Amino acid sequence: MSHRPSRLRRLCRALAVLALTGSVCAPGTVAFGDAPIRPAPVRPWVKSCLRHGGPAGLLDCLARHGGRPGRPPSQARRITSITEWATPTSSSGPAGITAGPDDALWFTENSANAVGRLTTGGSFTEYAVPTGGAGPAGITVGPDGALWFTESNTDKIGRITTGGSFTEYTLPTSGAYPWGITAGPDGALWFAEPGASNIGRITTGGTITEYAVTTAAYPLSITTGSDGALWFTEVLNGSIGRITTGGAVTEYAVPAQDSLPIGITAGPDDNLWFTDAGAAQIAKVTTGGSFTGYSLTDAVFPFPWGITNGPDGALWFTENLGNDIGRITTGGTITETAITTSGSNPLEIATGSDGDLWFTENSASQIGQVAP
């Protein structure tokens, strides 16, 4: 398996610099009314790095900027335990994770070029992706019962059965750097192409369609909303996008200062919830486009990344620099749990068949488990 540096690590450096050049909003719920005074524009080279480096340098950058001093009592701390499972391959760089149809957790190993499987009892299996240096990233369960994932370095969409058989489909656009992926309401898989500023659709038979969004929007994560449309984050535009299954795109600018939306999920309240790394917030947007933000108050810049629905009616998220697992109620109450391993750089998070939350620790090459 390949262990060469990935695009994920190069982009990581640029996005963290972009976020850290801005100011963190005041703690608490944000009333999006009067526009705040914005800082000076981000240096052109930072944006250039984002646009041309692909979605893969991000983690290396975050690891370099992730000083973790002690924190004051800010967000309430949860008293709970975290279990960590080291992947069989060292320096595997786990990224995406999802609950599989076989009651196991399936995850991508961005640096090791593999797809991993982990039972809730802690037993691992790893499957090497056929294309070398593919840089697997996002992963989800398809309507056909297989696992579908993006190959960020080679512009492909991969499919793996629970038995370990692969199929790969090449995208029409080169330099697309596909990242987030989700099952759509139409029986197809939908995915984000940050490098091409496209949203893609692939049928279970392998037919691919691409839809353009705003130039240089950098769509990264995607989910299905309660309204039957697909919702996605636009990192460089500081916006949340919506696309119908027919391909009609609407974009909503996030009102928060220095917004860098990363992860997104459909909440139990029918709203879309997303992590805003630049504004250090967890935020929600209604299907009509109204925003509310809830600020994190960490002593270090938390850089929240992945977010998912929990089994307890709350949203759970990762803090890539804060090294925490966070929980937010639909009313906006936030609590956090510190990850045992320092500097683990958690990325994506999912609810397992056992009702626990499972997450990837990219720098530590571990899979974490926390009980709600």
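Residues numbered from 1 in each chain as written. Predicted model: local features only at pLDDT ≥ 70, side-chain atom pairs only at ≥ 80, totals over all residues. Heavy atoms only, no water.

A. Geometry of the packing of aromatic side chains. This model, assessed by the stated rule, comprises nine aromatic pairs. Centre to centre, the rings of Trp231 and Tyr252 are 5.9 Å apart; their planes meet at 10 degrees, and the pair counts as stacked. Note that Trp231 is positioned in strand β17 (residues 230–234) and Tyr252 in strand β19 (residues 249–253), a separation of 21 residues in sequence. Relative accessible area serves as the criterion here: at 0%, Trp231 is assigned to the buried category. (Phe/Tyr/Trp six-rings, centres within 6.5 Å; stacked < 30°, edge-to-face > 60°. Helix = DSSP H or I, 4+ residues; strand = E, 2+ residues; numbered from the N terminus. Buried < 20%, exposed > 50% of the residue type's maximum accessible area, 1.4 Å probe, protein only.)

B. The side chain of Arg242, seen in detail. In this structure, Arg242 sits in strand β18 (residues 239–243). At a separation of 2.9 Å, a polar atom in the side chain of Arg242 contacts the side chain of Asp227. Contact partners of Arg242, with chain neighbours within four places excluded, come to Asp227, Ala229, Leu230, Trp231, Phe232, Ala248, Val249, Thr250 and Tyr252. (Polar contact = N/O pair within 3.5 Å; in protein donor to acceptor, adjacent residues only side chain to side chain. Contact = heavy atoms within 4.5 Å.)

C. Expanded view of unusual backbone geometry. The backbone of Tyr177 sits at a positive phi, close to 50 degrees, despite the residue not being glycine. Mapped onto the elements of the fold, Tyr177 is located in the loop between β11 (166–170) and β12 (181–183). Assessed through its relative accessible area of 12%, Tyr177 is described here as buried. Even without a glycine there, the phi angle at Ser197 is positive, about 55 degrees. Inspection of the secondary structure puts Ser197 in the loop between β13 (189–193) and β14 (198–202).

D. Inspection of the sheet that holds β13 at higher detail. The strand order across the open sheet built from four strands is β12-β13-β14-β15, with neighbouring strands paired in antiparallel fashion. Two strands close off the open sheet at either side, each with one partner strand: β12 and β15 (208–212). The mean angle between the axes of side-by-side strands here comes to 20 degrees, regardless of whether they run parallel or antiparallel. Sheet analysis places β13 next to β14, joined by five bridges and oriented antiparallel. (Pairing = 2+ DSSP bridges. Axes fitted to C-alpha atoms, helices over the stretch in contact; angles between N-to-C directions.)

E. Representation of the confidence of the model for the chain in the model. Taken residue by residue, the chain gives an average pLDDT of 86. The fraction at 70 or more is 79%. Low pLDDT, under 50, characterises residues 17–46; the predicted model gives this stretch 59 contacts beyond four residues in sequence or across chains. (pLDDT = per-residue confidence, 0-100.)

F. Examining the pairing of strand β25 (residues 315–319) more closely. Among the five residues that make up β25, five are buried, leaving the element largely enclosed by the rest of the structure. Both faces of β25 are covered, namely the face carrying Leu315, Phe317 and Glu319 and the face carrying Trp316 and Thr318. Counted along the chain from strand β24 (residues 304–309) to the antiparallel partner β25, the turn is five residues long, and its residue Gly313 has a positive phi close to 80 degrees. Note that β25 and strand β26 (residues 324–328) share five bridges and pair antiparallel.

G. Local environment of the environment of Phe303. Within the fold, Phe303 resides in the loop between β23 (291–295) and β24. Here Phe303 falls in the buried class, since its relative accessible area comes to 0%. Along the primary structure Phe303 and Ile262 are separated by 41 residues, whereas in three dimensions their C-alpha atoms are 9.3 Å apart.

H. Structural detail: the sheet that holds strand β3 (residues 82–86). Ordered in space as β3-β30-β29-β28, the four strands form an open sheet in which the pairing is antiparallel. The sheet is open, and its two borders are formed by β3 and β28 (346–351), each paired with just one other strand. Sheet twist, expressed as the average angle between the axes of neighbouring strands with direction ignored, equals 25 degrees. Inspection of the sheet shows β28 paired to strand β29 (residues 357–361) by four bridges, in the antiparallel sense. Its bridge partner lying in β29, Ala350 is registered against Trp358.

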